[in-house]
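Residue-level structure breakdown
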Amino acid sequence: MQRTELAELGEFGLIRHLTQGLPKHNDTTVLGVGDDAAIVAYPEGTETLVTTDLLLEGIHFDLTYTPLKHLGYKAAVSSFSDIYAMYGHPQQLTVSLGVSARFALEDLEELYAGLRLACDRYGVDLIGGDTSSSLTGLCLSITCLGIVAKGEATRRSGAQPTDLICVSGNLGAAFMGLQLLEREKRVFAGQTGDFDPDFAGREYILERQLRPEARQDIIRQLQEQGLRPTAMIDSSDGLASELLHLAKESGVGIRIYEERLPIDVETASMAEELGMSTTTVALSGGEDFELIFTLPLGELDRIRSLEGVHVIGHVTEAGQGCYLVTPDGAEIKLRAQGWPEEGESAAATDTKDQATEKAHEED
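To keep things clear, this report deals only with the structure shown in the data block. (Residues numbered from 1 in each chain as written. Predicted model: local features only at pLDDT ≥ 70, side-chain atom pairs only at ≥ 80, totals over all residues. Heavy atoms only, no water.)

What follows is about the layout of surface pockets. For the largest pocket, the calculated volume is near 760 Å³. Elements with a contribution of two residues or more to the lining of the largest pocket: β3 (46–56), α2 (68–84), α4 (173–189) and α5 (203–210). Among the elements that take part in the lining of the largest pocket, α2 stands out by supplying five residues, more than any other. The residue inventory of the lining of the largest pocket, partitioned by class, reads 13 nonpolar, eight polar and seven charged. Here the second largest pocket defines a volume of roughly 420 Å³. Around the second largest pocket sit 22 residues that line it, and Ile15, Val33, Gly34, Asp35 and Gly129 are the ones nearest its centre. With seven residues, the top contributor of residues to the lining of the second largest pocket is helix α1 (residues 10–19). Per-class residue counts for the lining of the second largest pocket are 10 nonpolar, seven polar and five charged. (1 Å grid on protein atoms, 1.4 Å probe; cavity = no way out; pocket = protein on both sides within 12 Å on 5 of 7 lines; lining within 4 Å. Points joined across faces, edges and corners; volume = space filled by probe spheres on them. Helix = DSSP H or I, 4+ residues; strand = E, 2+ residues; numbered from the N terminus. Nonpolar A, V, L, I, M, F, W, Y, C, P; charged D, E, K, R; others polar.)

With that out of the way, let us pick up the pattern of salt bridges. A full pass over the atoms with the stated rule returns 15 salt bridges. Of the charged contacts in the structure, one is a salt bridge between Glu207 and Arg211, with a shortest N-O distance of 2.9 Å. Looking at Glu207, the relative accessible area reads 37%, which means it is partly exposed. Residues Glu290 and Arg215 are paired through a salt bridge, measuring 2.8 Å at the closest nitrogen-oxygen approach. Linking Glu290 in the loop between α9 (278–284) and β10 (291–295) with Arg215 in the loop between α5 and α6 (216–224), this pair joins segments that are 75 residues apart in sequence. (Salt bridge = Lys/Arg side-chain N within 4 Å of Asp/Glu carboxyl O. Buried < 20%, exposed > 50% of the residue type's maximum accessible area, 1.4 Å probe, protein only.)

What follows deals with the packing of α4 against α5. Each pair of packed helices gets described by two things: the angle between the helix axes and the distance between those axes. The interhelical angle for the contact between α4 and α5, taken along N-to-C directions, is 100 degrees, at an axis separation of 7 Å. The orientation of α4 with respect to α5, classified from their angle, is roughly perpendicular. Contact residues: Ala173, Ala174, Met176, Gly177, Leu178, Leu180 and Leu181 in α4; Tyr204, Ile205, Leu206, Arg208, Gln209 and Leu210 in α5. (Axes fitted to C-alpha atoms, helices over the stretch in contact; angles between N-to-C directions. Parallel < 35°, antiparallel > 145°, perpendicular 65-115°, else oblique. Contact = heavy atoms within 4.5 Å.)

Any functional reading would require information that these geometric values do not contain.
Now the structure itself:
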């Protein structure tokens, strides 16, 4: 395969090559790539949403098993999800890259193919960015601009006692996809000949990890129904962690019910194969990019009409704390816990966490 060294194009030639022919999806984009700065103009009666993500090779992604096109797509979608979590719609995206000498033009074309695909699917304009040399690998900085009607942005701080806690889709699939990829990577490291990874029957969890989707459809349903959540956040860091953020910012307590956690059969099967608790996977697995939001109890009938939305609990007074309720009525304090250390099973970690919580209660 032909490899074109980046030095052959130079910085400005590289930017022109990667961004030529970009379509325009939104009237809010006045000028995109091609000048010292882009120009955007939002109509009166709206507010601008801005979110930024920094992705570092070896920290946030592993190119051993992550195709560059998938990386570009996922990087864009993760930013779109932040805008949807504010009840808004993404409009523009900028992308800056730090690139080491091991990457060629063809590699960056693949990365941009993923970025472009995401922008086309979600109707977002790619309006600029920057490139620089990197000594340590690949680095992406993504900034997304979005729009929301004035006064209608949904924050994390608006949840009220008796509100229902809702979540879209299902939980833990992306993390199970990551665990599968990491397992096969370890097997590959011990091989000397050809290696055929064992992904049969695991296509769904792999897609949730490598090429996730943002829940634009949920925001459209909510807006069509005239439902604006009292608080909302996306599940990029895991259900438990995000609910604790929401509870802290809103000054409330949380009760969610174990039997109501939505878990896909493929996620549960992979968790069982790896000896992990499906509940722990659902609570702590991140990068699902589902929406977690609260709505008044009186909206229950309309909530039930929303496709792909599950009611998993309710908001309480702050003094009642944040708990998971098991089917037998036991309450386990929610915590933003990490994953088991090497050699320790998820079941052992669950037991240890519950023992620690019991000790806290006794204190």
